[in-house]
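Chains, contacts and geometry: an overview
Take a look at the letters that make up each chain.
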Amino acid sequence: MKFLHAILLAVAIVATVFPLQVSAATTDTKDYDSEIRMLTNDNFDAKIKSASWLVFFGAKTCPHCKKLTPKWLEVQKSIADTVARQKFYMAKVECTKSEKYLGSLEVEPLISYITTKAEKYDPAKSSTIPKPDAKPPAAQPAAVAAKEAAPGTGTANTEPSSFAATSVEAEVGFLTAWATKFTTKRDNVNPSGTVINLKEQVFYVLTNQTPWFIKFYAPWCQHCQHLAPVWEELAQNLKGRVNIGKVDCTIEKKLCKFYEVRGYPTLKYFDESGTVDYDGPRSLFSLSEYSKQLTSIPPFTAINGDSYTTTAASHQTAFFFLYDPTTTLRSTDAMIQVSLSVRSKAVLFFAPTAGHPSPTLLRSYDSGRFTQRYTGTHESTPQSRQYASRWILSHRFPLAFEVSSNNGDEVMGGERLVVLAVVDQDGVERARNVLTEASRRWIDVSTAGSAKGGAKATQTENTDALFGWIRVDLWGAYLRRVYGVRPSDAPKLIIADPRVFFSLR
């Protein structure tokens, strides 16, 4: 339902939350109709059979239609970069020029959702806008959507015009343009720098496509009261980047129950990839940096597959999706969705390669010395995408890394053995070097058929151990309480059983 929600989101933002100011001098629809994609008696039936449409049936004699027309054009323009990847279009029918549809318009403008391969339109049977839990129009492969996006129909195609999935260069260009849009400020995101009070009636529509950071709270909660001024400042800091919202759980009880809010305040980040619980510090700086990181890093980087070796050599840990762009369509769409769910957490490269036999997701680590292949499928199903996302996230750590509040819950609360070096600030570099070499030896021993002498080894299973260091000068109280380690004991090595450790906070 995500794509239709994008349309509804834009409509809601333009028409309700951030309404356009339409003066009496601008309500004449003739100037706007020249830019809006129009359906007529002659092309209506043919067009709606080839795609899914959101259609505005209006009349120039209708005052409400006149006010809605400029808003409709604004929405159409705002989603231009999205429709290139979907067989979904927005259009208007001027009923005074299409008499056979005039009967569908009574007093108010009619907005109808017409699904792919729809039957011949009948006003009495037309689909109304579906509820948020309705099934979405089928997503189309990138190449097909780009090829079939109708030119000259009122909305310019903002994706690279050269893309036709016929060459690696065209694919890289298309993907680069698509990924870059996630790091660009958008006019329809938090334009006024204010906190939006969200109600259940509009919540699912508003939060489905653009990024939102939302506070679920109760007015009587003292922690919520302390956070309130910070939340207002956060909205100003993230103007143009992230929408900031709040939900009063004493009023919106069903909404808070749906999102499993068990304490106040509960902070959740929403974007195209889904929902993430925020458990970090609640200072203005921490909240701002968290949000800015998610909106400043593209979900992936597109490279020519021929540069795989050199790219892998420059990264301690990275993931590569290799495929032939002339034959792989749905797998690419599925991986794009996966990339959104691992954004800012893992380094992911899309590496289109001419003649590559089948879609392959690889983990490269230790600067390309070792590789590990994902053995799941690349089907465009929620289960397949979720499995791929979990695999990437669970294998994203380098050979040796710092254990901190950002990763401590996952590292120490998982099922893998953790080799933990307790050091002070001066001992970090030595710990990194020693743990990296120890991790290499562990892999050599635990990987069947591993190659010697610096050659690459291929893993198909996890090594079931993580190697990291923790700074005693930062986590002294925790280390003393849990492991009985004092600052004077550093450096010290701990073999940690994750089942007895759950949080560094």
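See above for the structure.
Below or above, wherever it landed, is the structure these notes cover. Being a predicted model, the structure only gives us computed values, none of them experimental.

What counts, and where the lines are drawn
- Residues numbered from 1 in each chain as written.
- Predicted model: local features only at pLDDT ≥ 70, side-chain atom pairs only at ≥ 80, totals over all residues.
- Heavy atoms only, no water.
- Salt bridge = Lys/Arg side-chain N within 4 Å of Asp/Glu carboxyl O.
- Helix = DSSP H or I, 4+ residues; strand = E, 2+ residues; numbered from the N terminus.
- Buried < 20%, exposed > 50% of the residue type's maximum accessible area, 1.4 Å probe, protein only.
- Disulfide = S-S within 2.5 Å.
- Pairing = 2+ DSSP bridges.
- Axes fitted to C-alpha atoms, helices over the stretch in contact; angles between N-to-C directions.
- Contact = heavy atoms within 4.5 Å.
- Core = buried A, V, L, I, M, F, W, Y, C linked by side-chain atoms within 4.5 Å.

**Notes on the pattern of salt bridges**
Applying the stated criterion across every chain yields a total of 8 salt bridges. Among the ionic pairs, Glu429 bridges to Arg432, the shortest N-O distance being 3.6 Å. One end of the pair is Glu429 and the other is Arg432, both in helix α16 (residues 428–446) and 3 residues apart, which spans about a single turn. Salt-bridge contacts for Glu437 lead to Arg440; the nearest nitrogen and oxygen are separated by 3.5 Å. In this pair, Glu437 and Arg440 are both assigned in helix α16, 3 residues apart and thus about one turn of the helix distant. Under the relative-accessibility criterion, Glu437 is labelled partly exposed at 34%. When its relative accessible area of 26% is taken as the criterion, Arg440 is described as partly exposed. Taken together, the shared-partner salt bridges connect Asp366, Arg369, Glu437, Arg440 and Arg441 into one network.

**Notes on the state of the cysteines**
Counted under the stated rule, the structure contains 1 disulfide. The disulfide partner of Cys249 is Cys256, and the S-S distance across this bridge is 2.1 Å. Around the S-S axis, the bridge from Cys249 to Cys256 shows a dihedral of about -90° and counts as left-handed.

**Some words on the sheet that holds strand β5 (residues 195–197)**
Pairing is mixed across the open sheet formed by 5 strands, whose spatial order is β5-β7-β6-β8-β9. Two strands bound the open sheet, and with one partner strand each, they are β5 and β9 (274–278). The sheet shows a mean angle of 30° between the axes of neighbouring strands, taken without regard to direction. Looking at chain direction, strand β6 (residues 212–217) and strand β8 (residues 266–271) are connected through 5 bridges and run antiparallel. Across the sheet, Lys215 pairs through a bridge with Leu267, a residue of β8. Packing of helix α9 (residues 222–237) onto the sheet brings it into contact with β5, β6, β7 (243–248) and β8, and relative to β6 it is tilted by some 165°. Of the strands in this sheet, β6, β8 and β9 are in contact with helix α11 (residues 284–296), which crosses β8 at around 15°.

**Let's talk about the nonpolar core**
Within the largest apolar cluster, 26 residues are counted, with the highest numbers of intra-cluster contacts made by Leu175, Phe300, Phe350, Leu361 and Ile392. Ranked by residues supplied to this core, first place goes to helix α7 (residues 168–180) with 6 residues. Discounting residues that sit within four places of it in the chain, Leu175 has contacts with Phe300, Ala302, Tyr323, Ile336 and Phe350. Ranked by size, the runner-up nonpolar core spans 17 residues in total, among them Val411, Met412, Tyr478 and Val485.

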